[in-house]
Amino acid sequence: MRYCLLVTLLCSTIVLYAQHSPARLIVRGDDMGFSHSGNLAAVKTYKEGIVRSVEVLVPSPWFPEAVQLLKDNPGVDVGIHLTLTSEWDNVKWRPLSDCPSLKDDDGYFYPMIWPNKDYPNRALLQHKWKIEDVEKEFRAQIELALKKIPRISHVSGHMGCTHLNEEVAALTKRLAKEYNIDIDLPARGVKSVSYKGASKTPAGKKKAFIAMLQTLEAGNTYLFVDHPAFDTPEMRAIHHIGYEDVAMDRQGVVDIWTDAEIMALIKKKNIQLISYKDLLAE
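These figures come from a predicted structure and were not determined experimentally. (Residues numbered from 1 in each chain as written. Predicted model: local features only at pLDDT ≥ 70, side-chain atom pairs only at ≥ 80, totals over all residues. Heavy atoms only, no water.)

### Some points on helix 2 (residues 36-47)
Turning to step 1, where the next piece is worked out: For helix 2, built from 12 residues, the straight-helix expectation of 16 Å at 1.5 Å per residue is met to within 8% by its first-to-last C-alpha distance of 17 Å.
Turning to step 2, where the next piece is worked out: Within helix 2, the full set of buried residues consists of Ser 37, Gly 38, Asn 39, Ala 41, Ala 42, Val 43 and Thr 45. (Helix = DSSP H or I, 4+ residues; strand = E, 2+ residues; numbered from the N terminus. Expected span 1.5 Å × (residues − 1). Buried < 20%, exposed > 50% of the residue type's maximum accessible area, 1.4 Å probe, protein only.)

Right, here's the structure in full:
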């Protein structure tokens, strides 16, 4: 009888704690390094907005600038955005390692992972890629990132490359553990959330982001991911077939992540903004 009472009290305590602990939200800005505009926007949304973690594309052309900006902003959490693709039409990047099976005829990464009708025979999975080359390239990206940004806390995958099959997913997990940068969000109960409603226009994006915030429940931890960049001439030249309005779309991300009304709502709802690294303190 006494045992049952103790179990009941314990369960009640856990429920009450979950009900009274705030909803927690990781706002993650992806693709730092792909452009100058993207780099500056990542910093702005951290310093003046709600971003708490940023992801860096190590082989990308503006990676050196990203490294310096991150040195200048030591408080922002950083992850390695492992990549096997170079998707934009007017700007490209190559692997860091000698990995022939991951390169196109010009030596760049393929633009896509999965087959795409707009890029026939230019998806990685349409070619005879080798897991040995994937491991070599992932190691090269991780090691350069840790050399230049020692505080790296975690890894993620660009365009889903870390989960293109079970073997690659297992490889990514093994490397994350080996390099001590393994923060497994699903294992920690973190739930992914996205815009709740149409988000193609700036106004629609704000409305859909606010609607998403309204769904967050106390006691739960959530992850929201998008890609900030400024609408500049540089960004208007970066696009691929099927995603031509990159500059407008990504400026919309900057706008909502630095929006006073949205930040006030987060405060009003007692939503706690955290980073990946904060999860390690638990």
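### Let's talk about the pairing of strand 5 (residues 190-193)
Turning to step 1, where the next piece is worked out: In the sheet, strand 5 pairs with strand 6 (residues 221-226) via four bridges, with the strands oriented parallel. Following the sheet pairing, Val 190 is matched in strand 6 by Thr 221.
Turning to step 2, where the next piece is worked out: In the classification by handedness, the crossover that spans strand 5, the intervening helix 6 (residues 202-215) and the parallel strand 6 is right-handed. (Pairing = 2+ DSSP bridges. Right-handed = clockwise from strand over helix to strand, strands pointing away.)

### Points about helix 4 (residues 131-148)
Turning to step 1, where the next piece is worked out: With 18 residues, helix 4 extends 26 Å between its outermost C-alpha atoms, agreeing within 8% with the 26 Å of an ideal straight helix rising 1.5 Å per residue.
Turning to step 2, where the next piece is worked out: Looking only at helix 4, the buried set comprises Ile 131, Asp 133, Val 134, Glu 137, Phe 138, Gln 141, Ile 142 and Ala 145. All buried residues of helix 4 lie within an arc of 160° about the axis, which places them on one face of the element. Those residues of helix 4 that are exposed and aimed more than 90 degrees away from the buried face are Glu 132 and Lys 147. (Arc of directions from axis to C-beta.)

### A short note on the pattern of salt bridges
Turning to step 1, where the next piece is worked out: Per the stated rule, a full pass over the model turns up 13 salt bridges.
Turning to step 2, where the next piece is worked out: The partner of Asp 30 in a salt bridge is Arg 28, with the nearest N and O atoms 2.7 Å apart.
Turning to step 3, where the next piece is worked out: The buried category is assigned to Asp 30, whose relative accessible area is 5%.
Turning to step 4, where the next piece is worked out: Note that Asp 184 and Lys 173 form a salt bridge whose closest N and O atoms lie 2.9 Å from each other. With Asp 184 in the loop between helix 5 (166-178) and strand 5 and Lys 173 in helix 5, this residue pair connects regions lying 11 residues apart in the sequence.
Turning to step 5, where the next piece is worked out: Salt bridges sharing common partners tie together Glu 135, Arg 139, Arg 174 and Glu 178. (Salt bridge = Lys/Arg side-chain N within 4 Å of Asp/Glu carboxyl O.)

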